[in-house]
Amino acid sequence: QTIPYLPDWPELAAGHGAAAFSLADALQNGNSIAVIGQPGCGKSVMLASLASRLCSKDPSLGKLNQHIPIYLHILDLQLELPENRDPLPAFFKAITPHVAVIYQSQLTRLILERLRENTAILILDGLDELHPSILVQASSYLKALREKFPHLQIAAAASPYTLDGLISLGLVPLGVAAWGPAKREEF
């Protein structure tokens, strides 16, 4: 049976019983993923669930359970890069307000160590909420971050209509599996 895949209409496959897999499965081999779907379909919940499972070292995550999540909303980042194109000051400025002052330097060292060891996953919410002109700026920021840490895995919420620059960064679009008629009836 052939089931069409339309990135801007992932609900179509749900009505045909298409096979689905988890975000953790998609990230197993070092891939970076742009989770796409309509507003309200569960992209943010999926990312938060992944972050929570990574924090608790869930054994069902396989190789990923050794990674640490860096969960940010895109609006927490100052996307304008300085002349030296170093994305790290803005990166740490977005993270440190969520941590007690006493632990901020330790957190910075831990994250830098994990980024260098390729055992961090940047979980980025909100790309689907940006105006296309700002998405270009966000893509440029992520490109600078990827230049510094080429193997950084990213899982981001994105819109199927505006993926400007994300595909060229190596993010693979992955549609959220919508509920089919049987699942809706069960609910």
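Only one face of strand β2 (residues 68-73) is covered, namely the one carrying Ile68, Ile70 and Leu72; the face carrying Pro69, Tyr71 and His73 has none of its residues buried. Two strands pair when backbone bridges link them, and β2 and strand β3 (residues 120-125) are joined in this way by 6 bridges, in the parallel orientation. Bridging from a neighbouring strand, His73 pairs with Asp125 of β3.

Before going further, it helps to spend a moment on the packing of helix α4 (residues 88-95) against helix α5 (residues 104-116). Closest axis-to-axis distance for the α4/α5 pair is 11 Å, and the angle between their directions is 125°. Taken together, the axis directions place α4 and α5 in an arrangement best described as oblique. Along this stretch, α4 crosses α5, giving a crossing that reads as right-handed. Counted together, Leu88, Phe91, Phe92 and Ile95 of α4 and Leu107, Thr108, Ile111, Leu112 and Leu115 of α5 form the full contact between these two elements. Its residues assigned to classes, the contact of α4 with α5 shows 8 nonpolar, 1 polar and no charged.

Right, let's talk about helix α6 (residues 132-148) for a bit. Taking 1.5 Å of rise per residue, 17 residues should cover 24 Å, and α6 covers 25 Å from first to last C-alpha, within 8% of that figure. Each element contacted by the buried residues of α6 is listed here: β1 (32-36), α4, β3 and β4 (153-158).

A word on the side chain of Arg114. The residue Arg114 is located in helix α5 in this model. The buried charged residue Arg114 lacks any salt bridge partner; its closest oppositely charged side chain belongs to Glu117, at an N-O distance of 4.2 Å.

Here helix α3 (residues 43-55) spans 19 Å end to end across 13 residues, near enough to the 18 Å set by a 1.5 Å rise per residue. Lys57 sits one or two positions beyond α3 and adopts a positive phi of about 55°.

Each value, and the rule that gives it
- Residues numbered from 1 in each chain as written.
- Predicted model: local features only at pLDDT ≥ 70, side-chain atom pairs only at ≥ 80, totals over all residues.
- Heavy atoms only, no water.
- Buried < 20%, exposed > 50% of the residue type's maximum accessible area, 1.4 Å probe, protein only.
- Helix = DSSP H or I, 4+ residues; strand = E, 2+ residues; numbered from the N terminus.
- Pairing = 2+ DSSP bridges.
- Axes fitted to C-alpha atoms, helices over the stretch in contact; angles between N-to-C directions.
- Parallel < 35°, antiparallel > 145°, perpendicular 65-115°, else oblique.
- Left-handed = near helix turned anticlockwise from the far one by under 90°.
- Contact = heavy atoms within 4.5 Å.
- Nonpolar A, V, L, I, M, F, W, Y, C, P; charged D, E, K, R; others polar.
- Expected span 1.5 Å × (residues − 1).
- Lys, Arg positive; Asp, Glu negative; His and termini not counted.
- Salt bridge = Lys/Arg side-chain N within 4 Å of Asp/Glu carboxyl O.

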